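Summary of the model geometry
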Amino acid sequence: MLYRKMNKAAPELSILGFGCMRLPVKEDGQIDEDHATKMLRYAIDHGVNYVDTAYPYHNGESEPFVGRALACGYRGKVHLATKLPSWLITSRGDMDKYLDEQLLRLNTDHIDFYLVHGLNAGFWENLSQLGVTDFLDAAIADGRIRHAGFSFHDNVALFKKIVDAYDWTFAQIQYNFMDERYQAGTKGLEYAAKKGLGVVIMEPIRGGLLARDLAS
């Protein structure tokens with residue numbers, strides 16, 4: 001496994017992360033916990049040390065699954081990422097409420113890389129007015145999170161505005177060879193890099209679509 005460092009974060013992170021949005025499921029749609037646990041632990045045993053989940057994934061079951069799968073010493077082997085559910089926030093207090101709930105669901109006392117989830121113009125305006133940057137500062141100060149970032153789904157002009165609005169450690173954008181100009185795109189990636197942010201890529205194979213056997 002190869003590893004990289006973000007400018008504003010000490011740990012070396014595996015260039016491949018393990019995303020927990022599309023875990024294997026049973027016929028009833030529930031996470032196939034045995035299969036998914038074996039997959040996650042296999043990845044960790046072979047060098048993956050960045051695990052990404054979020055509050056809504058698998059209808060809210062991804063975070064609790066990850067908390068269980070990282071038992072037996074696996075939590076200490078990874079840098080855990082999850083996300084503040086931006087669309088559910090109606091007050092400053094909601095931010096603390098959801099973070100504290102996530103810590104319980106993940107069975108951990110801290111989140112290594114905490115993202116404000118899926119920012120667009122509407123979410124960013126609301127969260128800015130409610131004091132999200134003060135929340136992030138407080139959560140870092142009290143140790144509940146180690147590094148703050150955001151994931152993004154809007155245009156590059158807004159992306160640059162958000163990059164400049166806070167001392168983020170990193171940003172997460174959708175990027176692959178078909179989406180170089182989509183949303184933040186290459187221009188956003190380069191802008192974030194110039195500002196010293198780490199960049200984490202979502203949808204590198206477009207949710208699996210770029211790996212499909214089109215002949216079948």
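I will try to describe carefully the structure that is included in this document. Every chain is numbered independently, its residues counted from 1 as its sequence is written. Selection of residues for local features in this predicted model requires a pLDDT of at least 70, selection of side-chain atom pairs for listing and counting requires 80 or more, and totals for whole chains, interfaces and linings are taken over all residues. Excluded from the side-chain calculation are hydrogens and water; included are all heavy atoms of the structure.

Description of the side chain of Lys83
- Put simply, DSSP H or I for four residues or longer makes a helix, DSSP E for two residues or longer makes a strand, and each gets a number counted from the N terminus. Residue position: Lys83 is located in strand 5 (residues 79-84).
- For every residue, the accessible area (1.4 Å probe, protein chains only) is compared with the maximum for its type, and the residue is labelled buried under 20%, exposed over 50%, or partly exposed between those bounds. Looking at Lys83, the relative accessible area reads 1%, which means it is buried.
- Counted as a polar contact is a pair of N or O atoms within 3.5 Å, where, for protein atoms, one must be capable of donating a hydrogen and the other of accepting one, and residues adjacent in sequence contribute only when both atoms are in side chains. A distance of 2.7 Å separates a polar atom in the side chain of Lys83 from a polar atom in the side chain of Asp52.
- Here, two residues are considered to be in contact whenever any of their heavy atoms come within 4.5 Å of each other. For Lys83, the residues in contact, after removing those within four places along its chain, are Asp52, Thr53, Ala54, Tyr55, Tyr57, Gln102, Tyr114, Leu115, His117, Ser151 and Gln172.

Quick look at the pattern of salt bridges
- Criterion for a salt bridge: a side-chain nitrogen of Lys or Arg within 4 Å of a carboxyl oxygen of Asp or Glu. A complete count under the given rule lists 13 salt bridges for this structure.
- Note that Arg75 is salt-bridged to Asp112, the shortest N-O span being 2.9 Å. Of the two residues, Arg75 sits in the loop between helix 3 (62-69) and strand 5 while Asp112 sits in strand 6 (residues 111-119), which places them 37 residues apart along the sequence.
- Look at Arg75 and you get buried, because its relative accessible area is 15%.
- Here Arg146 makes a salt bridge to Asp112, at a shortest N to O gap of 3.9 Å. Placement of Arg146 in strand 7 (residues 145-152) and of Asp112 in strand 6 is noted, with a sequence separation of 34 residues between them.
- Looking at Arg146, the relative accessible area reads 45%, which means it is partly exposed.
- Through salt bridges with shared partners, a single network forms among Arg92, Asp96, Asp100, Asp142 and Arg144.

Re the pairing of strand 7
- Among the 8 residues in strand 7, 7 count as buried, and that is most of the element.
- Pairing between strand 6 and strand 7: 6 bridges, direction parallel. In the strand pairing of strand 7, Phe113 is matched with His147.
- DSSP calls a pair of strands paired once it identifies at least 2 bridges connecting them. Pairing analysis gives 3 bridges linking strand 7 to strand 8 (residues 170-174), with the strands arranged parallel.

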